[in-house]
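# Coordinate inspection notes
One-letter residues, chain by chain:
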Amino acid sequence: MQEYTFDGTDEYYLDPELKSIVNIALAMEKPLLLTGEAGTGKTQLALQVASALKMKSYIMRCKSTIKGEEACYTQDTVLRLNDARFGPADTGRVVDRFYDYVIWGPIGQAFRADEKVMLLLDEIDKTESDVQDNLLDILEECQFTIREVNETIKARIRPAIFITSNAKRELSDPFLRRCYCHHIAFPSPEDMRQIVDLHYPKTNAKLLEAAIAIFYELRERGFEKPPATSELLNWIGALERTGGIPDPKLPPLTGILLKRAGDIQRYRSKGGAGGRSY
Amino acid sequence: MAEVAEKGSNALFVDFVLLLRDYGVPASPKDLLELNAGLVKGIVHSLDDLFVFSRLVFVRRVEHMDAFERAFCFYFYGIDVPAVAEDDYALFHTKQFREWLEEQIASGELPRKAIWHYDPEELMKKFWDTLKEQMEEHHGGSKWIGQKGNSPFGHSGNAERGVRVQGQSGNRSALKVIGDRRYIAYSDKQQLREENLRQALESMKHLKNEGPRDLLNLNKTIYETSRNGGEIELVFERDLRDKISVVLLIDNGGYSMTPFAEITRILFSKLHERFEDMETYYFHNTVYEKVYSDFRRLRAAPTEKILQKREDTRIVFVGDATMAPEELESWGGSITSYGGRAQKPSMYWLGRFADRFKHSCWLNPIPKESWPNTYGAFTLTKIRQCFHMEDMTLGGIKGMVNFLSEK
């Protein structure tokens, strides 16, 4: 069996601990559930693993309306009815062939692939809990049944499965039991420096230091929606354009960091860093 | 590694699983098999690898993470880390601290009655310094915390029992990782604070009302009707947005309460969408005929008005329930308003809250373990007879939510 080892990429800063976790999950062929605050790079990690290991990726972006079955397949009954009535013309479809009218969902596509692929279930916590229960066995056994023809689709090569969750809702215990779970903590200032470095290798070091210091100071103030990594990256990008090192007393362009009206008001009424009021 | 898994490791890891369960991590035999499967595959090359791998196998929820790290530390290194954060005064109540203190006094490192000689902060720092020293250099030394460093499992047993400690895995060492205590903020025993607010919010989302079933589920209705041979069978469900009202009463008198007042307010305000309405009032020490609608306690609101709210309103008091007994029980006992002898005792008002609202709960920032012997134990016990009380830990919040959601 081929072994897969992920070493990080030049676009993604990989914490050594996280690296061994990813590699253990790959070796044990278990789904890896990544939880953590928004902006800690959960989804990115999965995509980077796929690109580094040259796997094709299949992504299911979960919604609250999803039922689970359509992640595997759906049958286009309307099209089939249409073909039966008016003929398939030159599309090559045959009304009697069931599989001509099946639309494979991301799970279906991943299980049918001929090589090792990456399957990402993004933000699983958005789905209803019975959907998660339905997915349990499918993911564990890497197979599902097509009800209409009672045929089983089984993955020949287990895909590398990544699941992310923003912890909007608690996941059920049976679901957790079938995964390896890792909570990605928010990056420390040192880690953040590395991350920023990957994205802005040429930016003025002073600007970065000042920006990171202000960023963490703002995070500590307990806003309703504290700024996350992506906001910091956007902010640094914007600062680069306007030029100049941000003044910690009155940082510019805070609209990029703080999004909620309540937070912005609180920030303004409390003033800049140091709790001065204006 | 493969032969290790077959021969020697079972006894080692069975004990470890049992220890984990003692620490409150729900480890199962299935996990043990999984661990063995991993060892057979040769994933583990060092104790540090074992740390990362076994954590993946045994820990599903972030609130168990800290307990796991402490158990691992105890089992494989013989270092007994107490379950409290570094700046937490609850340290003085832990077994680890008492044992350390006794040893320090026995060995002459600290004078007898050290507890009177030093500031609590200083003593706390000494304890954690010893612990860290031990984590950095964990061979020899006479300063071990716990039974002179000998856990019942023995740290030198690593090699004999089958896990070879060898090779550098490019990882940070397990001990270093444990020493960071990154996950302590998520542990169930932890006080509520900014970092674990999210965890508390998750529990709070279970707070729901048992409202009327007045929403027609069309799909289920059709299904049930067909099953019923065409006789119409209507299926009603509860509206998902079923809302409840909450009244939050916060004791913000005294410095000790300030941080907790703020965090509870944030906790509930983040959930405001889920509540039909939420009102916050403030009081000092305990409730009399008036409470206040602003933080500085200037705008008074009659308590009577809150008492007229719907019976299924959830009432949450936040306070340390610590005061002089007469504040609670005497006529005219309030120390802030001057109602004289005509003022009804606070117990009267609290009793009315408890009678009117079945779902009322008292959140206390003082840890549960200290309730019987805290300075305010008398009034605390009195209030506890009135209200269901929980402490302000993640576990306590869960307890509160369960209590408030009960039928």
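It should be emphasised that the depicted structure is a prediction, and the values quoted were computed from it without experimental measurement. (Residues numbered from 1 in each chain as written. Chains lettered and ligands numbered in written order. Predicted model: local features only at pLDDT ≥ 70, side-chain atom pairs only at ≥ 80, totals over all residues.)

It is worth spelling out the overall build of chain B at this point. Along the backbone of chain B there are 18 helices and 9 strands. Across the 407 residues that make up chain B, the buried fraction comes to 37%. The contacts of chain B with a sequence gap of at least 6 include a subset with a gap of at least 24, amounting to 67%. (Helix = DSSP H or I, 4+ residues; strand = E, 2+ residues; numbered from the N terminus. Buried ≥ 20, exposed ≤ 12 C-beta atoms within 10 Å, placed from the backbone. Contact = placed C-beta atoms within 7 Å.)

The next point concerns the overall build of chain A. On a plain count of helices and strands, chain A comes out with 11 helices and 9 strands. Counting only contacts in chain A whose residues sit at least 6 apart along the sequence, the fraction spanning at least 24 positions is 74%.

Following both chains from N to C, one finds helix α1 (residues 16-28) of chain A and helix α4 (residues 47-58) of chain B inclined at 60°, their axes separated by 10 Å at the closest point. Overall, the two elements α1(A) and α4(B) adopt an arrangement that is oblique. Read as a crossing pair, α1(A) and α4(B) show a hand that is right-handed. Note on element contacts: α4(B) touches α1(A) through B:Asp49, B:Val52, B:Phe53 and B:Leu56, opposite A:Glu17, A:Ser20, A:Ile21 and A:Ile24. Classifying every residue of the contact of α1(A) with α4(B) gives 5 nonpolar, 1 polar and 2 charged. (Axes fitted to C-alpha atoms, helices over the stretch in contact; angles between N-to-C directions. Parallel < 35°, antiparallel > 145°, perpendicular 65-115°, else oblique. Left-handed = near helix turned anticlockwise from the far one by under 90°. Nonpolar A, V, L, I, M, F, W, Y, C, P; charged D, E, K, R; others polar.)

Residues and elements named next belong to chain A. Strand order in this open sheet of 5 strands is β2-β5-β8-β1-β9, and the pairing throughout is parallel. Since the sheet does not close on itself, it has two edges, and those belong to β2 (56-61) and β9 (180-183), each with one partner. Pairs of neighbouring strands in the sheet enclose a mean axial angle of 20°, with direction left out of account. Two elements, strand β1 (residues 32-35) and β9, share 4 bridges in a ladder whose sense is parallel. Considered in β9, the bridge of Thr35 is made with His183. (Pairing = 2+ DSSP bridges.)

Turning our attention to the nonpolar core. The biggest cluster of nonpolar side chains holds 80 residues, and the ones touching the most others in it are A:Met118, A:Phe162, B:Phe68 and B:Phe72. With 10 residues, the top contributor of residues to this core is helix α5 (residues 65-77) of chain B. B:Ala200, B:Leu249, B:Ile306 and B:Met400 belong to the second largest nonpolar core, which has 46 residues in total. (Core = buried A, V, L, I, M, F, W, Y, C linked by C-beta atoms within 7 Å.)

All right, on to helix α6 (residues 95-106) of chain B then. The end-to-end C-alpha distance of α6(B), which contains 12 residues, comes to 16 Å, matching closely the 16 Å that a straight helix rising 1.5 Å per residue would cover. B:Gly108, located one to two residues past α6(B), shows a positive phi value of around 80°. (Expected span 1.5 Å × (residues − 1).)

Residues and elements named next belong to chain B. Mapping Gln343 onto the fold places it in the loop between α15 (325-329) and α16 (346-356). Residue class for Gln343 comes out partly exposed when judged on the 18 C-beta atoms lying within 10 Å of it. Taking C-alpha positions, Gln343 is 8.2 Å from Tyr288, a pair spaced 55 residues apart along the chain. Contacts of Gln343, omitting those with residues within four sequence positions, involve Tyr288, Glu289, Trp331, Gly332 and Ser334.

Attention now moves to the confidence of the model for chain A. Regions with low pLDDT should not have their predicted coordinates read in detail. When pLDDT is averaged along chain A, the result is 82; 95% of the residues meet or exceed 70. Taken together, the stretch residues 271-278 of chain A has pLDDT below 50 and engages in 14 contacts with residues farther than four places along the chain or on a different chain. (pLDDT = per-residue confidence, 0-100.)

All names here are of chain A. You will see that Glu29, though not glycine, has its phi angle at about 55°, which is positive. Position of Glu29 among the secondary structure elements: in the loop between α1 and β1. For Asn150, which is not a glycine, the phi torsion comes out positive at approximately 55°. Topologically, Asn150 is positioned in the loop between β6 (143-146) and β7 (151-154). With 7 C-beta atoms packed within 10 Å, Asn150 lands in the exposed category.

For the rest of this paragraph, the subject is the pairing of β1(A). All names here are of chain A. Neither face of β1 is exposed, since Leu32 and Leu34 on one face and Leu33 and Thr35 on the opposite face are all buried. With 4 bridges joining them, β1 and strand β8 (residues 160-165) adopt parallel strand pairing. Its bridge partner being in β8, Thr35 is matched across the sheet by Ser165.

Residues and elements named next belong to chain B. With respect to the helices and strands, Leu33 occurs in helix α3 (residues 29-41). According to the C-beta neighbour criterion, Leu33 is exposed, with 11 such atoms within 10 Å. Considered as a pair, Leu33 and Val57 are 24 residues apart in the sequence and their alpha carbons are 9.8 Å apart.

This part takes up the confidence of the model for chain B. Residues and elements named next belong to chain B. Of all residues in chain B, 76% have pLDDT values of 70 or greater, and the mean over the chain is 75. Confidence drops under pLDDT 50 across residues 139-171; counting only partners more than four residues distant or on other chains, this segment forms 59 contacts. Here the predicted complex scores 0.64 on pTM and 0.76 on ipTM.

A few words on α1(A). Its 13 residues give α1(A) an end-to-end C-alpha distance of 18 Å, which sits within 8% of 18 Å, the value for a rise of 1.5 Å per residue. Here α1(A) has its buried residues at A:Ser20, A:Ile21, A:Val22, A:Ile24 and A:Ala25. Considering only its buried residues, α1(A) is in contact with β1, α2 (42-52) and β9 of chain A together with α4 of chain B. Two residues or fewer past α1(A), A:Glu29 is found with a positive phi of approximately 55°.

Residue and element names in this part refer to chain A. In terms of burial, β8 is a largely internal element, 6 of the 6 residues being buried. Going residue by residue along β8, you find Ala160, Phe162 and Thr164 tucked away on one face and Ile161, Ile163 and Ser165 tucked away on the opposite face as well. Pairing geometry for strand β5 (residues 117-122) and β8, over 4 bridges, is parallel. Bridge assignment links Leu120 to a residue of β8, and that residue is Phe162.

Moving on: the packing of helix α9 (residues 205-219) of chain A against helix α10 (residues 229-242) of chain A. Between two packed helices, both the angle of their axes relative to each other and the distance between the axes serve to describe the pair. Residue and element names in this part refer to chain A. Close contact between α9 and α10 brings their axes to 11 Å; oriented N to C, the two are set at 140°. In terms of their interaxial angle, α9 and α10 are classed as oblique. When you trace α9 past α10, the crossing you get is right-handed. The residues of α10 that touch α9, namely those facing Leu207, Leu208, Ala211 and Phe215, are Leu232, Trp235, Ile236 and Leu239. Looking at side-chain class alone, the contact of α9 with α10 contains 8 nonpolar, no polar and no charged residues.

Residue and element names in this part refer to chain B. Here Ala377 lies in helix α17 (residues 377-386). Between the alpha carbons of Ala377 and Pro325 there is a distance of 9.9 Å; along the sequence they are 52 residues apart. Among all residues touching Ala377, those that are not within four sequence positions of it are Trp371 and Pro372.

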